[in-house]
Amino acid sequence: MSLAKQSFKGVTWTMLDIIFNKAIYFISTLILARLLGPSEFGILGMITIFFTIGTTLVDSGLSISIVRTLSPNKIEYSTIFYLNIVFSTGAYFLMFFIAPYVADFYKQEILTNLIRIYCIGFLINALKMVPQSILIKEMDFKKIAIFNIPGNIIGLVIGVLMALNDYKVWSIVGLFLSSQLISSLVYIFFSKWKPSFYFSIKYVKRHLSFGYKLMLSAQLNTIFENIYNVLIGKYFTIQVLGYYDRAYTLNNYPTSILSLIVSKVSLPLFSNIQEDSLKFKQIYRKIQLFSFFLAAPVMLGALVLAKPLILVLMGNGWIEIVPFFQILCLAYVLFPIHTLNINILNAFGKSNTFLKIEIFKKIITVLFIIIGLQFGIMGLVWSNVFGSIFSLIINTHFCGSLISYKSKNQIFDLIPTLGIAIIMAVTVHLASLYLIKFSSLTQLVSLTILGVTSFIGLSYFTKNESLFTFLDFIKSN
């Protein structure tokens, strides 16, 4: 099978995995949002940063190191497996001991037990990291899609039942832990690979020498992506944090889908062709055009349809998240491109460069946050947008130099799609003014149809290269 065919097949199964499995989890949170309220999600938002930091510590860049290694052996796999267990245990006890201090920081006593129970997920997730990484390396996304189904369905049932029985915030915890436990058990029992009694210090050093820099970079990302939750939780109300957290999650859903597809497929693909610079550039450019062709209309369309979208999905009790959601749409339209650029560095093993770039970007991000805070909660949310634009410039500059694809050329290639998406968004907004008396569902359905047809029609009329790249993908599958 050719690399192009293999990558397109990988995209297909990854899309099916995300559309089905991620959709189940997403629908679960929407149901819980209707059954619970902003305060419960605000409380959970306070601990997100700590769980994510722990998850990054558990992985320590080892999963990516496995994927990019050309011919890993069973000793390497077993070594990484046991290393994940050790790291997950350490991360859990770290969070166990700091939990009371976090509760005191936010003045929320419930956080002590919440963190200690929620972070059991570290121990559970560590069990499936190696089996999952092996499947990603082999580009066997069909199995990944199938393995993820049982956990998400069972998690949905448990979470909703707990919410109906008035377990409040613990319903969200139950949904998460049950889905992760079932998922890990499926990977352990049905994966061809099984851990053996091998452990090599040589392989620990090899993979950590690469992975620790990615881990530090990931920690920087985690801290700065969640710093908004920390600041809002500390200086604003729990309800405001709940609104922001749900706006962030709802906004992040479509971009995380595309970013996951790009990440899972591009990293093993790039790793296999890293020595063929011409082919690397050609495939990178196609994936970039494909990714932005999906991201731009979805995010700009969501921006102009924010009000009916929120009312249909979450109800009147969540209408306050609309302005948060709209601003974040502008920030997240670029995220799949960020992911793609990051995978170039990972494929070439440039973890040192990756870390330096992330440190530089975060220093600038701090400045955006400080300035944003001067303008209140909305200023803080807007700092996401400026940070994303700055990251695009930096990422495309450094990563483009590795494959002879300059930053200005990358951005220039995206402009036609962006321009068409903006025209589509303006068209949908103007049309919405004539439908204001109709129900939210009617507005959402009719305007979505208008947006899709106008975007595709304009792309075809202007002979947008991204459209034909997308059509090539459809025909290949």
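This text goes with the structure placed above it.
This write-up is about the structure you can find in this document.

What counts and how
Residues numbered from 1 in each chain as written. Predicted model: local features only at pLDDT ≥ 70, side-chain atom pairs only at ≥ 80, totals over all residues. Heavy atoms only, no water. Helix = DSSP H or I, 4+ residues; strand = E, 2+ residues; numbered from the N terminus. Buried < 20%, exposed > 50% of the residue type's maximum accessible area, 1.4 Å probe, protein only. Areas by Shrake-Rupley, 256 points an atom, 1.4 Å probe, with all protein chains shown as cover. Polar contact = N/O pair within 3.5 Å; in protein donor to acceptor, adjacent residues only side chain to side chain. Contact = heavy atoms within 4.5 Å. Salt bridge = Lys/Arg side-chain N within 4 Å of Asp/Glu carboxyl O. Patch = residues over 30% accessible without salt bridge, like charges linked within 9 Å, V, L, I, M, F, W, Y side chains within 5 Å. Phe/Tyr/Trp six-rings, centres within 6.5 Å; stacked < 30°, edge-to-face > 60°. 1 Å grid on protein atoms, 1.4 Å probe; cavity = no way out; pocket = protein on both sides within 12 Å on 5 of 7 lines; lining within 4 Å. Points joined across faces, edges and corners; volume = space filled by probe spheres on them. Nonpolar A, V, L, I, M, F, W, Y, C, P; charged D, E, K, R; others polar. Axes fitted to C-alpha atoms, helices over the stretch in contact; angles between N-to-C directions. Parallel < 35°, antiparallel > 145°, perpendicular 65-115°, else oblique. Left-handed = near helix turned anticlockwise from the far one by under 90°. Core = buried A, V, L, I, M, F, W, Y, C linked by side-chain atoms within 4.5 Å.

When you go through the protein chain residue by residue, the secondary structure sums to 21 helices and zero strands. Looking at the protein chain as a whole, 55% of its 477 residues are labelled buried. For the protein chain, the computed accessible surface area is about 21100 Å², with 70% contributed by carbon and sulfur atoms.

What follows concerns the environment of F386. Position of F386 among the secondary structure elements: in helix α18 (residues 376-402). By relative accessible area, which is 44% here, F386 ends up partly exposed. Each C-alpha atom, one on F386 and one on T365, is 8.4 Å from the other, the two residues being 21 residues apart in sequence.

To continue, consider the side chain of S78. With respect to the helices, strands and loops of the structure, S78 is situated in helix α4 (residues 74-106). Overall, the relative accessible area of 0% leaves S78 in the buried class. Side chain to side chain, S78 and S196 meet in a polar contact 2.9 Å long. When sequence neighbours within four positions are dropped, the list of residues in contact with S78 reads W193, P195, S196 and Y198.

This paragraph deals with the pattern of salt bridges. Side-chain pairs of opposite charge can arise where the charged atoms are in close proximity. Scanning the entire structure with this criterion turns up three salt bridges. Across the pair D104 and K107 runs a salt bridge, and its minimum N-O distance is 3.9 Å. Between R285 and D413 there is a salt bridge whose closest N-O contact spans 3.0 Å. On the criterion of sequence distance, the pair formed by R285 in helix α13 (residues 277-304) and D413 in helix α19 (residues 407-432) is long-range, its members being 128 residues apart. Residue R285 is classed as partly exposed on the basis of its relative accessible area, which comes to 22%.

This brings us to a nonpolar patch on the surface. A contiguous nonpolar patch, built from I27, I31, L35, I153, V157, L161 and L164 and spanning about 580 Å² of accessible area, is present on the exposed surface. Listed by contribution, the elements that provide at least two residues to the nonpolar patch are α1 (3-35) and α9 (149-164). Considering each element in turn, the nonpolar patch owes the most residues, four residues, to α9. Topologically, I153 is positioned in helix α9. In this structure I153 comes out as partly exposed when scored by relative accessible area, which is 38%.

Turning our attention to the packing of aromatic side chains. Applying the stated criterion across every chain yields a total of 19 aromatic pairs. Both rings, one in Y118 and one in F176, keep their centres 4.7 Å apart while their planes meet at 15 degrees; by these two values the pair is stacked. Of this pair, Y118 sits in helix α5 (residues 111-118) while F176 sits in helix α10 (residues 169-190), and the two are 58 residues apart along the sequence. Take Y118 and F176: they sit in the same class, and that class is buried. Centre to centre, the rings of Y244 and Y248 are 6.4 Å apart; their planes meet at 25 degrees, and the pair counts as stacked. With Y244 and Y248 both in helix α12 (residues 238-272), this residue pair falls four residues apart, about one helical turn. Taken together, the ring pairs connect Y228, Y244, Y248, F324, Y332 and F335 into an aromatic cluster.

To continue, consider empty space enclosed by the protein. Throughout the structure, instances matching the rule amount to two cavities of 30 Å³ or more. Each pocket or cavity is described by its volume, and for the second largest cavity that value is around 40 Å³. Looking at the lining of the second largest cavity, the elements that each hand over two or more residues are α1 and α12. When the residues that make up the lining of the second largest cavity are grouped by side-chain class, the tally is four nonpolar, two polar and one charged.

Attention now moves to the environment of I80. Note that I80 resides in helix α4. Put simply, I80 and V130 are 50 residues apart on the chain and 7.1 Å apart in space, counted from C-alpha to C-alpha.

The description of two packed helices rests on the angle between their axes and on the distance between the axes. In contact at an axis separation of 10 Å, helix α14 (residues 306-314) and helix α15 (residues 322-332) are set at 120 degrees when each is read in the N-to-C sense. With respect to α15, the axis of α14 lies oblique. Seen from above, α14 lies across α15 with right-handed handedness. The residues of α15 that touch α14, namely those facing A306, K307, L309 and I310, are V322, F325 and Q326. Classifying every residue of the contact of α14 with α15 by side-chain character gives five nonpolar, one polar and one charged.

So, about the nonpolar core. If you look at soluble globular proteins, the nonpolar side chains tend to sit buried side by side. By size, the foremost hydrophobic cluster in this structure holds 94 residues, and its most contacted members are L111, Y244, W318 and F325. Within the second largest apolar cluster, 16 residues are counted, among which are I342, I344, L345 and I403.

Turning our eyes to something else, we now look at the packing of α14 against helix α20 (residues 440-461). Put simply, α14 and α20 touch, their axes get as near as 8 Å, and they point 125 degrees apart. Viewed along their axes, α14 and α20 adopt a mutual orientation that is oblique. The interaxial crossing formed by α14 with α20 has left-handed handedness. Together, P308, L309, L311 and V312 of α14 and S440, L441, Q443 and L444 of α20 make up the contact between the two elements. Residue classes in the contact of α14 with α20 are distributed as six nonpolar, two polar and no charged.

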